[in-house]
Every structure is written in C-alpha cells, then in structure tokens.
Amino acid sequence: FPSHDMQSQGRYSEAEPLYQRSLSIREQQLGANHPNTGTSRYCLAYLYSLQDRYSEAESFYTSATGILLQALGQEHPETQSCISNFVGCLQKAVEAGQEDSLSDHPLTQQLLIRNFVDRPADDKTMFLLKVANSSSQILIKDFDINLLLG
C-alpha cells in the first residue's frame with residue numbers, strides 16, 4: 001500500500017490523508033464496526049503514535065481495539081498487534097512526560113495499570129497509581145474485554 005510505504009519512509013504528512021481516506025471509504029462501504037474499518041483506525045493510531053501525537057493516537061487505538069475485539073476476538077493476531085502497539089504508544093507518552101494528554105478511557109487506564117504499575121516505583125509509576133486511585137472506573141490487572149463489549 002502506498003500509505004504504508006510513505007509511513008515507513010517517514011513521510012507522515014503524505015501518508016495521513018491516504019489513511020484518512022481509506023478509513024472514510026471503509027466506514028461508508030463496510031460500516032463502523034467492520035474489522036477492516038478497525039484496521040484502518042489502527043493504522044491511523046500507529047501513524048499518530050509515530051509522530052508523538054498521543055491524544056489522537058489514543059483515540060484511534062481505543063476505537064480500533066474495541067472494533068477488533070468485537071469482530072475478531074482477543075486472541076486474533078490483528079487484535080493482539082493493535083493492543084501491543086497501543087501499549088507501546090502509552091509507554092512513549094509516559095516516557096515523554098505526556099501523561100496529561102491521555103484520557104480516562106477505561107481501556108487506556110486498564111492498559112496503563114496492567115503494563116506499568118508492577119514496575120519499580122518511580123515518578124511514572126506514582127503518576128499511574130494516582131490515575132488509578134482517582135479514576136471512577138473499576139480497574140483490574142487483567143484485561144477486561146467486557147468494558148468494551150458490555
């Protein structure tokens with residue numbers, strides 16, 4: 001795909017409109033909850049993550065993950081890849097000191113807790129514990145697919 005080639009070459013501003021167009025077409029032709037639409041959302045999320053646009057990336061990762069979980073299941077390679085890259089995006093945001101750009105979406109909070117709280121206490125972990133304690137959502141260490149499907 002030309003958009004993937006542009007992305008791999010660091011030509012993000014050229015790739016973004018192609019990914020957006022692909023998403024628009026898939027939403028119109030296949031519907032918002034089709035797995036290919038989820039994959040288009042995932043591609044945009046990954047692109048935004050590469051550009052350190054964490055808030056935008058998070059928004060697309062949460063919707064892509066929800067679609068892929070519902071359409072393909074938690075064990076599907078595309079779903080697993082999406083979740084793995086979402087965690088990588090969250091890690092980059094935390095390491096860059098951009099925690100404030102992340103939302104209190106239940107999936108985001110669950111992934112933060114699951115992937116960062118068990119690490120040695122440092123400023124990032126303390127931030128995440130603060131987020132967990134202040135969240136109105138029930139957070140558990142194991143991924144709870146029901147937050148997205150229920």
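One numbering rule holds for all chains: residues counted from 1, following each sequence as written. Totals for whole chains, interfaces and linings use all residues, but because this is a predicted model, local features are given only for residues with pLDDT of at least 70 and pairs of side-chain atoms are given and counted only at 80 or more. Excluded from the side-chain calculation are hydrogens and water; included are all heavy atoms of the structure.

Tell me about the overall build of the chain, and name the residues and values.
Numbering of helices and strands runs from the N terminus, with a helix taken as a DSSP run of H or I at least four residues long and a strand as a DSSP run of E at least two residues long. Helices and strands together make up the secondary structure of the chain, namely eight helices and zero strands. Listing every helix and strand of the chain by position from the N terminus yields α-α-α-α-α-α-α-α. Note on classification: 1.4 Å probe, protein chains only; a residue is buried when its accessible area is under 20% of the maximum for its type, exposed when over 50%, partly exposed between these limits. With 150 residues in all, the chain has 38% of them scored as buried. Counting contacts in the chain only where the partners sit at least 6 residues apart, residues at least 24 apart contribute 57% of the total. Working definition of accessibility: Shrake-Rupley area with a 1.4 Å probe, residue cover restricted to the visible protein chains. Put simply, the chain shows about 8,000 Å² of open surface, and 47% of that area lies on carbon and sulfur atoms. Contacts between residues were defined by any pair of non-hydrogen atoms, one from each residue, lying within 4.5 Å.

Any chance you could break down the state of the cysteines for me, citing the residues and the numbers?
Note on terminology: disulfide describes a covalent bond linking the sulfur atoms of two cysteines. Counting rule for disulfides: a pair of cysteine sulfur atoms within 2.5 Å. Within the structure shown, the criterion is met by zero disulfides. Looking at the unpaired Cys43, the closest cysteine sulfur is the one in Cys82, lying at 9.4 Å.

Before we move on, could you go through the pattern of salt bridges and cite the residues and values that matter?
Salt bridges are defined as contacts in which a side-chain nitrogen from Lys or Arg sits within 4 Å of a carboxyl oxygen from Asp or Glu. Following the criterion strictly, the structure yields four salt bridges and no others. The closest approach of N and O atoms between Asp52 and Lys92, which form a salt bridge, is 3.2 Å. Here the residue Asp52 occupies a position in the loop between α3 (35-50) and α4 (54-72), and Lys92 occupies one in helix α5 (residues 77-95), the gap between them amounting to 40 residues. The class of Asp52 is partly exposed, set by a relative accessible area of 43%.

I'd like to hear about the packing of α3 against α5, residue by residue, with values.
With their axes 10 Å apart at the nearest point, α3 and α5 run at an angle of 25 degrees to one another. If you check the angle between α3 and α5, you find them roughly parallel. Our pair here, α3 against α5, has a crossing hand that is left-handed. Judged by residue contacts, Thr39, Tyr42, Tyr46, Ser49 and Leu50 of α3 engage Glu78, Ser81, Cys82, Asn85, Cys89 and Lys92 from α5. For this classification, the nonpolar set comprises Ala, Val, Leu, Ile, Met, Phe, Trp, Tyr, Cys and Pro, the charged set comprises Asp, Glu, Lys and Arg, and every other residue, Gly included, is treated as polar. Across the contact of α3 with α5, the residue classes tally to five nonpolar, four polar and two charged. Lines fitted to C-alpha atoms define the axes here, with helix axes fitted over just the stretch in contact, and angles between the N-to-C directions of these axes take values from 0 to 180 degrees. When describing relative orientation, an angle under 35 degrees is termed roughly parallel and one over 145 degrees roughly antiparallel, while 65 to 115 degrees is termed roughly perpendicular and anything else oblique. Handedness of a crossing is defined here by the sense of rotation of the near helix relative to the far one, left-handed for an anticlockwise turn of less than a right angle and right-handed for a clockwise turn.

Explain the confidence of the model for the chain to me, and be specific about the residues and the numbers.
In this model, the chain carries an average pLDDT of 79, and 71% of its residues clear a pLDDT of 70 or more. Mean pLDDT in the chain bottoms out at helix α7 (residues 123-134), which sits at 45, and peaks at α3, which reaches 96. A score between 0 and 100, pLDDT records how confident the predictor is in each residue.

For the packing of helix α2 (residues 12-30) against α3, give the residues involved together with the corresponding values.
Across the interface, α2 lies against α3 with an axial gap of 9 Å and an inter-helix angle of 160 degrees. In terms of axis orientation, α2 runs roughly antiparallel to α3. Read as a crossing pair, α2 and α3 show a hand that is left-handed. Each of Tyr12, Ala15, Glu16, Tyr19, Gln20, Ser22, Leu23, Arg26, Glu27 and Leu30 in α2 lies in contact with α3, whose residues at this interface are Asn36, Thr37, Thr39, Ser40, Arg41, Cys43, Leu44, Leu47, Tyr48 and Leu50.

I'd love a proper account of the nonpolar core, names of residues and values included.
Nonpolar cores are built from buried Ala, Val, Leu, Ile, Met, Phe, Trp, Tyr and Cys residues. Side-chain atoms within 4.5 Å join them into one set. Judged by nonpolar contacts, the single largest core of 28 residues is most densely connected at Leu44, Tyr61 and Leu111. Those elements that place two or more of their residues in this core are α2, α3, α4, α5 and α6 (106-116). Residue contributions to this core peak at eight residues, all from α5. Ignoring any residue separated from it by four or fewer positions in sequence, one finds Tyr61 in contact with Tyr42, Ala45, Tyr46, Ser49, Cys82, Asn85, Phe86 and Cys89.

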